[in-house]
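One letter stands for each residue in the lines below.
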Amino acid sequence: MMARLFILLASLLCATAQAEDVYLTPAEFIQQALGSVPKPAVIWLDDSVKDDIDQIMARRYEKLRVKYWREQDQTVWIMDEIGKESPITVGIHIKNSQIQQVKVLIYRESRGDEVRHDFFTNQFIDTRLDNELQLDQHIDGITGATLSVRALTKLSRLALYLHNKVTQSK
């Protein structure tokens, strides 16, 4: 009886454990996007910026600063957002205030990983941020991956917003 209970508990723990699929390391993504890995920079988030970010993320954004990598008019952002239960690590490359590339670097959810494929992420290419802090192109969703799609869309909007902040200030 104890052995059966142990097997049942072990199987439940294994079923709820989240896998971590690393598709590309952050350093590899930065290298591919910029041709090198420059020293990271940081944008500090004041209250007005945080208000805009809260609107973009549809939740309170707790960070005080965000790290990024810059090469002239290009920036790379490595950020996390919760899909359903776990963080999704995404790399976003922006040049001239439009997205050049979006890549899922690390996926930790049990489902919805279709967002890592090029057929989905290529939709973000050449997307800009409009005056209402929305993407200027429609992004088609994926059945069964709604929360992962939302996470990538929010992060894309956030990266575009922050890119515009750091490139306009210098």
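Before any of the text, the structure's been laid out above.
For the structure given in this document, a descriptive report is provided here.

Remarks on the overall build of the protein
Along the backbone of the protein there are five helices and six strands. Going from the N terminus to the C terminus, the protein shows its helices and strands as α-β-α-β-α-β-β-β-β-α-α. The buried share of the protein, taken over its 170 residues, is 42%. For the protein, long-range pairs separated by at least 24 residues make up 58% of all intrachain contacts whose partners lie at least 6 apart in sequence. When the accessible surface of the protein is split by element, carbon and sulfur atoms take 52% of a total near 9700 Å².

Here's the deal with the pairing of strand β4 (residues 74-82)
Burial analysis of β4 places seven of its nine residues in the buried class, which makes it a mostly covered element. Note: strand β3 (residues 65-71) against β4, three bridges, orientation antiparallel. Within β4, the residue paired with Arg70 across the bridge is Thr75. Linking β3 back to β4 in an antiparallel pair, the connection comprises two residues, with Gln72 at a positive phi of about 55°. Across nine bridges, the pairing between β4 and strand β5 (residues 87-95) is antiparallel. The residue bridging Trp77 from the neighbouring strand is Ile92, located in β5. The turn linking β4 back onto β5 is made up of four residues.

Points about the nonpolar core
Side chains that are nonpolar tend, in soluble globular proteins, to be buried together. Formed by 38 residues in total, the largest nonpolar core has its most connected members in Ile53, Trp77, Ile92, Val115, Leu152 and Leu162. For this core, the secondary-structure elements that each account for two or more residues are α3 (47-57), β3, β4, β5, β6 (98-107) and α5 (146-168). Broken down by element, this core gets its largest block of residues, ten residues, from α5. Not counting chain neighbours up to four residues away, the residues in contact with Ile92 comprise Phe29, Thr75, Val76, Trp77, Met79, Ile99, Gln101, Val102, Leu155, Ser156 and Ala159. Counting residues in hydrophobic clusters, the runner-up holds ten residues, among them Leu24, Phe29, Leu105 and Ile106.

About the criteria used
Residues numbered from 1 in each chain as written. Predicted model: local features only at pLDDT ≥ 70, side-chain atom pairs only at ≥ 80, totals over all residues. Heavy atoms only, no water. Helix = DSSP H or I, 4+ residues; strand = E, 2+ residues; numbered from the N terminus. Buried < 20%, exposed > 50% of the residue type's maximum accessible area, 1.4 Å probe, protein only. Contact = heavy atoms within 4.5 Å. Areas by Shrake-Rupley, 256 points an atom, 1.4 Å probe, with all protein chains shown as cover. Pairing = 2+ DSSP bridges. Core = buried A, V, L, I, M, F, W, Y, C linked by side-chain atoms within 4.5 Å.

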